[in-house]
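Single-letter residue listing:
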Amino acid sequence: MNPIRVVLIEDDIDWLNIMETIIGNEDDIVLVGCGTTKEEAINLSKALDHIDIFLVDINLTDNNLDGIYTALELKSSGDWKVLMLTSMSDEDIIQKSFIAGATDYILKKDVHKIPHIVRSIYHEPSNPVEVILQDYRRMKSEEQLKDLTNAEREVYKLIEQGHSRRDIQKKLMKSDNTLKNQIKNILKKMSVSNSKEAIRKVKSGGLW
């Protein structure tokens, strides 16, 4: 059986060493890469041939929760699982981790449980908790559109699908003025500056 291939993203060298030791003692789990920043995590995701699970610290620099945004980018670019490492049990932070696409989180005081949790997630990729989390992410994405009218939602969906304004105008048989006003209203209600930001906000469940 092939070992479970894990990448570790952790900026604290002491914790990095501890987790390297714990994972290194397991026959069926192999650490294929380590990084300390979001940029290094993204680079590793592109450079390595195969990754099963990313272990990502929630705070990579200056307690700014950038590990959550790292998870968000990783989940948008591959089908690997992401486990968050944290010293905090704050409910809001944990919710944001799940919105970002994390499958689970591990408190650092329970670091010895990492091998067991890694195996569980690897061998049960479609467990009931993951199904619930997917529904939760969809709900948070839908929440970003709650203030739009049905007509505005229709316009937004076409924008998200990549249609140009001219295409949307023809498809929905709207005047240029009407469509301009609807797009303006969409951006205002979503508190974003342009269509690209609107799409990113919906896909990230409001994290961005």
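That block above? That's the structure.
These lines cover the structure that appears in this document, whether it is placed above or below. Every residue gets a number counted from 1 within its own chain, in the order that chain's sequence is written. Per-residue local features of the predicted model are confined to residues with pLDDT of at least 70, and side-chain atom pairs are confined, for both listing and counting, to 80 or more; whole-chain, interface and lining totals are unaffected and use all residues. To obtain the side-chain values, all non-hydrogen atoms of the structure were used and water was disregarded.

**Focus on the overall build of the chain**
Stated formally: Where helices and strands are cited, they refer to DSSP runs of H or I of at least four residues and of E of at least two residues respectively, numbered from the N terminus. Here, residues are in contact when the closest pair of their heavy atoms is within 4.5 Å. Throughout, the Shrake-Rupley method with a 1.4 Å probe supplies accessible areas, and for residues the shown protein chains are the sole cover considered.
Assigned secondary structure in the chain consists of ten helices and five strands. If you line up the chain on its principal axes, its C-alpha atoms span 65 × 35 × 30 Å. Taking as baseline every contact in the chain between residues at least 6 positions apart, the subset at least 24 positions apart corresponds to 64%. Accessible surface computed for the chain: about 11500 Å², of which carbon and sulfur atoms make up 48%.

**With respect to the sheet that holds strand S2 (residues 29-35)**
The cut-off we apply is this: The rule for pairing is simple: two strands pair if DSSP sees at least two bridges between them. Throughout, an axis means a line fitted to C-alpha atoms (over the contacting stretch in the case of helices), and angles, computed between N-to-C directions, take values from 0 to 180 degrees.
Strand order across the open sheet formed by five strands is S2-S1-S3-S4-S5, with parallel pairing between neighbours. Edge strands, defined here as strands with exactly one partner in the open sheet, are S2 and strand S5 (104-107). Between one strand and the next, the sheet's axes are offset by a mean angle of 25 degrees, whatever the strand orientation. In this sheet, strand S3 (residues 53-57) lies alongside strand S1 (residues 4-9) in parallel orientation, the contact comprising four bridges. Residue pairing in the sheet places Val 6 in a bridge with Ile 53 of S3.

**Remarks on the pairing of S5**
With four bridges joining them, strand S4 (residues 81-86) and S5 adopt parallel strand pairing. Note on S5: the bridge partner recorded for Leu 85 is Ile 106.

**Considering the packing of helix H7 (residues 150-160) against helix H10 (residues 195-203)**
Put simply, the rule reads: Each angle receives one of four descriptions, namely roughly parallel if under 35 degrees, roughly antiparallel if over 145, roughly perpendicular if within 65 to 115, and oblique otherwise. Throughout this entry, Asp, Glu, Lys and Arg are counted as charged residues, while Ala, Val, Leu, Ile, Met, Phe, Trp, Tyr, Cys and Pro are counted as nonpolar. The remaining residues, Gly among them, count as polar.
The contact between H7 and H10 brings their axes to 10 Å, and the two run at 95 degrees. By the criterion of interaxial angle, the relationship of H7 to H10 is roughly perpendicular. Contacts between H7 and H10 involve Tyr 156, Ile 159 and Glu 160 from the former and Ser 195, Ala 198, Ile 199, Val 202 and Lys 203 from the latter. Among the residues making up the contact of H7 with H10, the classes are represented as five nonpolar, one polar and two charged.

Shape descriptors only; they carry no functional weight alone.
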